[in-house]
Amino acid sequence: WVDEKMTNFIERNTSIIIAQQKVTGGLQVTLKVNNLEWLARSIMSFAPDIMVISPASLSERINQRARDVLDTYAYHSSV
């Protein structure tokens, strides 16, 4: 799911978008990618305006990275 205000994500990635459907507040976008690592980094750069619905493994990877970043920030803020 891509927030409707994130048109720049859609415009930058037209070559990997194979379908898109308007839904409440945004677009449900289907991508065809080979490099999930690149996709995870790209999605993180647009957080929180993009949400991974599937595959679950990618969603879990991104959630873990977000937790790691927050933990690192919290640690450095308390030192």
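Below, the structure is looked at part by part. (Residues numbered from 1 in each chain as written. Predicted model: local features only at pLDDT ≥ 70, side-chain atom pairs only at ≥ 80, totals over all residues. Heavy atoms only, no water.)

**Looking at the pattern of salt bridges**
Point 1. Tallying each qualifying case throughout the model produces four salt bridges.
Point 2. Notably, a salt bridge pairs Glu-37 with Arg-61, separated by 3.5 Å at the nearest N-O pair. Of this pair, Glu-37 sits in helix α2 (residues 36-45) while Arg-61 sits in helix α3 (residues 56-78); the two residues are 24 residues apart in sequence, bridging distant segments of the chain.
Point 3. Residue Glu-37 is classed as partly exposed on the basis of its relative accessible area, which comes to 31%.
Point 4. Two residues, Glu-37 and Arg-65, come together in a salt bridge whose shortest N-O distance is 2.3 Å. In this pair, Glu-37 sits in helix α2 while Arg-65 sits in helix α3, placing the two residues 28 residues apart along the sequence.
Point 5. Three or more residues are tied together by salt bridges with common partners; here these are Glu-37, Arg-41, Arg-61 and Arg-65. (Salt bridge = Lys/Arg side-chain N within 4 Å of Asp/Glu carboxyl O. Helix = DSSP H or I, 4+ residues; strand = E, 2+ residues; numbered from the N terminus. Buried < 20%, exposed > 50% of the residue type's maximum accessible area, 1.4 Å probe, protein only.)

**What about the nonpolar core?**
Point 1. Formed by 15 residues in total, the largest nonpolar core has its most connected members in Val-2, Ile-10, Ile-43 and Leu-58.
Point 2. Elements with a contribution of two residues or more to this core: α1 (7-12), β3 (26-31), α2 and α3.
Point 3. Setting aside chain neighbours within four positions, we find Leu-58 in contact with Leu-36, Leu-39, Ala-40, Ile-43 and Val-52. (Core = buried A, V, L, I, M, F, W, Y, C linked by side-chain atoms within 4.5 Å. Contact = heavy atoms within 4.5 Å.)

**Regarding the sheet that holds strand β2 (residues 17-23)**
Point 1. What the three strands build is an open sheet, ordered β1-β3-β2; its pairing is antiparallel. Bordering the open sheet on either side are β1 (2-3) and β2, each of which pairs with just one other strand.
Point 2. Taken together, the two bridges between β1 and β3 define a ladder with antiparallel strand orientation. Paired with Asp-3 across the two strands is Gly-26, which belongs to β3. (Pairing = 2+ DSSP bridges.)

**Thoughts on the environment of Gln-28**
Point 1. Structurally, Gln-28 can be placed in strand β3.
Point 2. Put simply, Gln-28 and Arg-65 are 37 residues apart on the chain and 23 Å apart in space, counted from C-alpha to C-alpha.
Point 3. Once residues within four sequence positions are removed from consideration, Gln-28 is found in contact with Trp-1, Ala-19, Gln-20, Gln-21, Val-23 and Ile-53.

Geometry only, nothing functional implied.
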